[in-house]
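The chain contents come next:
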Amino acid sequence: MKKFQKLILFCILIVFIINCKTTKSIGIFKAYLNQEINDSIKSDSQYIQYIYPYKKQMDSIMNQPISYAKVDFTKTGYSSNEGNLLADLVLDYAKIYAKKNSIPDPDFCLLNIGGIRSIIPKGVVTVENIFEVAPFENELVYIQLDDSQMKEMFDYLRTEKKGHPLAGIKLIYKNDQLYTAKIGGKDFDNTKKYWVVTIDYLMNGGDRMNFFVKSDSKKITHLKLRDILLEQVKKYKELPELTDQRLIYED
């Protein structure tokens, strides 16, 4: 019995030694220096030749002109011309879509300034420009906010002090307090529930917009924001420059 136990222990020891050697043999790593990607790297002609047909087809789509911009559309300011434009385009589309699909007409639009990833430069506006502005797979949603959630939104915009794009609503803050809130040209009514059109990223609490999460009434369209912007921009021979102030902070 003792001999058998010794044999078992011996076998276990052999297996352990073998495993240790195996682990060492596959645990060897070779360090390489990072290589900067710049013009000094020679292009691979075979690779270029392989992807050229696909690149050519893609370029033909992305370079399609769809409108014209008389000025640069940027994110500068609390009510930037780019933010105003995009929010208006989304709200206009959302109202048309609501009528066609028996959805309550949205009262206003709220987007996030961080979701605008590029300017729309002065000149011919192409498909590529819109892809650069809205590269994410965000989808259009309708959310109903009650009095407490609306007031939480007002307080959020008060403390954030960022140029989040708005349409259909104008807010004025004085001395760090909400002074005026007009929706659809009318004073805010705390007895009314408002329908907001926005994107699913914000619906899920993105950018700390947790007031959207608290809503019990939501309608998801599964329509991509980028596709909506493309469709809306194509309607304009020349993009409207919208410089009206919709989010105002006064001392």
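A short tour of the structure in this document, coming up.

Cut-offs and rules
- Residues numbered from 1 in each chain as written.
- Predicted model: local features only at pLDDT ≥ 70, side-chain atom pairs only at ≥ 80, totals over all residues.
- Heavy atoms only, no water.
- Helix = DSSP H or I, 4+ residues; strand = E, 2+ residues; numbered from the N terminus.
- Buried < 20%, exposed > 50% of the residue type's maximum accessible area, 1.4 Å probe, protein only.
- Areas by Shrake-Rupley, 256 points an atom, 1.4 Å probe, with all protein chains shown as cover.
- Pairing = 2+ DSSP bridges.
- Contact = heavy atoms within 4.5 Å.
- Axes fitted to C-alpha atoms, helices over the stretch in contact; angles between N-to-C directions.
- 1 Å grid on protein atoms, 1.4 Å probe; cavity = no way out; pocket = protein on both sides within 12 Å on 5 of 7 lines; lining within 4 Å.
- Points joined across faces, edges and corners; volume = space filled by probe spheres on them.
- Nonpolar A, V, L, I, M, F, W, Y, C, P; charged D, E, K, R; others polar.
- Phe/Tyr/Trp six-rings, centres within 6.5 Å; stacked < 30°, edge-to-face > 60°.

Things to note about the overall build of the chain
Stage number 1. For the chain, the helix and strand inventory stands at eight helices and eleven strands.
Stage number 2. Looking at the chain residue by residue over its 251 residues, the buried ones come to 39%.
Stage number 3. Of the roughly 16,000 Å² of accessible surface on the chain, a fraction of 55% belongs to carbon and sulfur atoms.

Focus on the sheet that holds strand β11 (residues 247-250)
Stage number 1. Across the sheet, which stays open at both edges, the four strands sit in the order β8-β7-β6-β11 with mixed pairing between neighbours. The outermost strands of the open sheet, each flanked by one partner alone, are β8 (186-187) and β11.
Stage number 2. For strand β6 (residues 169-174) and strand β7 (residues 177-183), the ladder comprises six bridges, and the chain directions are antiparallel. The partner of K174 across the bridge, within β7, is Q177.
Stage number 3. Across the face of the sheet, helix α5 (residues 147-160) comes into contact with β6, β7 and β11 while running at roughly 60° to β6.

Notes on the sheet that holds strand β5 (residues 166-167)
Stage number 1. On the basis of which strands lie adjacent, the open sheet formed by five strands has the order β5-β2-β9-β4-β10 and mixed pairing. With partners counted over all chains shown, the strands left at the sheet margins are β5 and β10 (217-224), one partner each.
Stage number 2. In this sheet, strand β9 (residues 194-199) lies alongside strand β2 (residues 108-110) in parallel orientation, the contact comprising two bridges. Looking at the pairing, F108 lines up with V196 of β9.
Stage number 3. Helix α8 (residues 225-233) rests against β4 (139-145), β9 and β10 of the sheet, and its axis sits at about 65° to β10.

Points about the pairing of β4
Stage number 1. Counting buried residues along β4, seven of its seven residues qualify, which places the element largely inside the surrounding structure.
Stage number 2. What you see with β4 is no split at all: E139, V141, I143 and L145 on one side and L140, Y142 and Q144 on the other are buried throughout.
Stage number 3. Pairing geometry for β4 and β10, over five bridges, is antiparallel. Of the residues in β10, the one forming a bridge with Y142 is K219.
Stage number 4. Sheet analysis places β4 next to β9, joined by six bridges and oriented antiparallel. Counterpart to Y142 in the pairing with β9 is V197.

Points about the layout of surface pockets
Stage number 1. As a volume, the largest pocket reaches approximately 150 Å³.
Stage number 2. As for the largest pocket, its lining consists of K95, D105, P106, D107, I183, G184, K186, D187, D189, K192 and Y194.
Stage number 3. Among the residues making up the lining of the largest pocket, the classes are represented as three nonpolar, one polar and seven charged.

Remarks on the packing of aromatic side chains
Stage number 1. Considering all chains together, one arrives at eight aromatic pairs under this definition.
Stage number 2. Here the aromatic rings of Y156 and F211 are separated by 5.6 Å at their centres, their planes lie at 65°, and the arrangement is edge-to-face. With Y156 in helix α5 and F211 in helix α7 (residues 210-213), the pair connects residues that are 55 residues apart, well separated along the chain. Here Y156 matches F211 in class, with each residue buried.
Stage number 3. With a centroid separation of 5.3 Å and an interplanar angle of 15°, the aromatic rings of Y173 and Y249 are classed as stacked. Linking Y173 in strand β6 with Y249 in strand β11, this pair joins segments that are 76 residues apart in sequence. The two residues Y173 and Y249 agree in class, both being buried.

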